Amino acid sequence: MGIYGGPSPSAIEGRDQRAQGVRLADGRLIACEAVIVGIGIVPTVGPLIAAGAEGSNGVDVDDHCRTTLPDIFAVGDCAAHINAFAGGARIRLESVQNATDQATTAARTIAGAHAPYQATPWFWSNQYDLKLQTVGLSSGHDLAVIRGDPATCTFSIGYFKEGQLIALDCVNATKDYVQGRKLIEGASAVSATEFSNAERSLKDLLGRSGTQRWGN
């Protein structure tokens with residue numbers, strides 16, 4: 001997905017090994033003097049796989065962060081786990097939050113308190129005068145809706161899948177992040193039209209029955 005839900009970048013253009021612009025899929029060129037690219041990591045789990053642990057993209061763990069090897073746990077960027085916020089897909093999450101929450105789950109399991117990992121994915125970053133906050137996972141969304149005006153550098157993007165709000169990207173919109181997180185965690189029913197109305201607080205939409213995320 002591209003900027004603000006728009007066209008995706010197709011190329012970085014430049015001269016003399018210096019970036020001068022990012023070409024979008026629709027042909028537009030966004031001028032720039034530098035480009036920051038976040039491409040993720042390739043997990044190094046060769047020794048675990050060689051020892052017999054299951055895994056392809058990382059090492060597979062269950063909902064208590066146990067690998068398929070007896071008494072061997074894995075947490076953090078390398079741990080491929082089934083995540084309800086990803087529609088039940090097996091994924092890796094490259095974030096401090098995920099590593100900390102999974103470590104807590106593993107420690108509790110080792111200590112005999114068998115509480116499964118069910119943490120809400122969230123991320124944040126401060127970039128100069130922009131505070132970026134994300135909650136949920138937008139992978140697989142079929143609709144992206146803007147709330148607020150990007151020109152003011154205070155806005156949010158809501159990601160919907162089959163009519164359900166599944167993730168939020170918030171820019172200088174902490175109130176949207178806090179209230180929207182509760183909407184996502186509660187799988188509250190909210191329409192794209194209601195979400196896009198920046199004059200209405202997201203907390204007004206809390207408590208509606210939506211799609212149940214976690215099974216019993």
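The rules behind each value
Residue positions are given per chain, counted from 1 along the sequence in the order it is written. For this predicted model, a pLDDT threshold of at least 70 governs which residues receive local features, and a threshold of 80 or more governs which side-chain atom pairs are given and counted, while totals over whole chains, interfaces and linings are taken from all residues. Excluding hydrogens and water, the side-chain values take into account all heavy atoms of the structure. Each helix is a run of H or I in the DSSP string that is no shorter than four residues. Each strand is a run of E no shorter than two, and both are numbered from the N terminus. Expected span, for any helix, means 1.5 Å times one less than how many residues it has. To sort residues, take the accessible area from a 1.4 Å probe on protein chains only and compare it with the maximum for the residue type: under 20% means buried, over 50% means exposed, and anything in between is partly exposed. The arc under discussion is defined with respect to the helix axis, by the directions toward the C-beta atoms. We call two residues in contact when some of their heavy atoms are within 4.5 Å. Whenever Lys or Arg places a side-chain nitrogen within 4 Å of a carboxyl oxygen from Asp or Glu, that contact is recorded as a salt bridge. Polar contacts, as counted here, are pairs of nitrogen or oxygen atoms within 3.5 Å of one another; within protein the pair requires one atom able to donate a hydrogen and one able to accept it, and residues that are adjacent in sequence qualify only if both atoms are side-chain atoms. The pairing criterion is simple: DSSP has to find at least two bridges between the two strands. The criterion for an aromatic pair is that two Phe, Tyr or Trp rings (for Trp, the six-membered ring) have centres within 6.5 Å, with stacked assigned to planes under 30 degrees apart, edge-to-face to planes over 60 apart and tilted to the rest. In this analysis the charged atom, NZ for Lys or CZ for Arg, is taken to sit over a ring once it is within 6 Å of the ring centre and within 35 degrees of the ring normal. Every axis corresponds to a line fitted to the C-alpha atoms, with the helix fit spanning only the stretch in contact, and the corresponding angles, defined between N-to-C directions, vary from 0 to 180 degrees.

With that settled, the discussion passes to helix α2 (residues 96–110). Over its 15 residues, α2 extends 21 Å from the first C-alpha to the last, a length consistent with the 21 Å expected when each residue adds 1.5 Å. Inspection of α2 places Gln97, Asn98, Gln102, Thr105, Ala106 and Thr109 among the buried residues, and these make up the whole buried set. In a view along the axis of α2, the buried residues occupy a sector of 160°, so they form one face of it. Relative to its buried face, α2 has exposed residues pointing more than 90 degrees away, namely Val96 and Ile110. Buried residues belonging to α2 abut β5 (79–83) and β7 (122–127). Backbone geometry just downstream of α2 places Gly112 in the positive-phi region, at approximately 100°.

So, on to the pattern of salt bridges. As enumerated under the stated definition, the model contains 8 salt bridges in all. Taking the shortest distance from any N to any O, the salt bridge between Arg92 and Glu94 comes out at 3.2 Å. Classification of Glu94 as partly exposed rests on a relative accessible area of 35%. Between Arg181 and Glu185 there is a salt bridge; the shortest N-O distance is 3.0 Å. Of this pair, Arg181 and Glu185 both sit in helix α3 (residues 174–185), 4 residues apart, roughly one helical turn. By relative accessible area, Arg181 is classed as partly exposed at 22%.

Turning to the side chain of Thr120, a few remarks are in order. Mapped onto the fold, Thr120 is located in the loop between α2 and β7. Looking at Thr120, its side chain comes within polar contact range of the side chain of Glu185, at 2.8 Å. Not counting the four nearest positions on each side in its chain, Thr120 is found in contact with Phe85, Gln97, Val135, Arg181 and Glu185.

With that settled, consider the pairing of strand β10 (residues 154–161). Taking burial as the measure, the 8 residues of β10 include 6 buried ones, the bulk of the element. In this sheet, β10 lies alongside strand β9 (residues 143–149) in antiparallel orientation, the contact comprising 7 bridges. Paired with Leu143 across the strands is Phe160, a residue of β10. The loop that links β9 with its antiparallel partner β10 comprises 4 residues; one of these, Cys153, has a positive phi angle of about 60°. By the bridge criterion, 7 bridges tie β10 to strand β11 (residues 164–171) in an arrangement that is antiparallel. Its bridge partner lying in β11, Phe160 is registered against Leu165.

Time to look at the packing of aromatic side chains. The full count for this structure, using the stated rule, is 1 aromatic pair. For the pair Phe160 and Phe195, a centre-to-centre distance of 6.1 Å together with 80° between the ring planes defines the contact as edge-to-face. On the criterion of sequence distance, the pair formed by Phe160 in strand β10 and Phe195 in helix α4 (residues 192–196) is long-range, its members being 35 residues apart. Side by side, Phe160 and Phe195 carry an identical accessibility label, which is buried. It is Arg147 that lies over the ring of Phe195; its NZ or CZ is 5.9 Å from the centre.

So, on to unusual backbone geometry. It is generally the case that most residues other than glycine have a negative phi and that most peptide bonds are trans. In this structure, Gln17 is a non-glycine residue whose phi angle is positive, near 65°. Here Gln17 shows up in the loop between β1 (9–15) and β2 (18–24). Since its relative accessible area comes to 86%, Gln17 is described here as exposed. Notably, Glu162 is not glycine yet its phi reads approximately 50°, a positive angle. Inspection of the secondary structure puts Glu162 in the loop between β10 and β11.

This next bit is on the sheet that holds strand β8 (residues 130–136). The strand order across the open sheet formed by 5 strands is β7-β8-β11-β10-β9, and the pairing between neighbours is antiparallel. In the strand order of this sheet, the two ends are held by β7 and β9, each with one partner. Averaged over all pairs of adjacent strands, the angle between their axes in this sheet comes to 15°, without regard to strand direction. Sheet strands touched by α3: β7, β8, β9, β10 and β11. Its angle to β11, the strand with the most contacts, is close to 165°.

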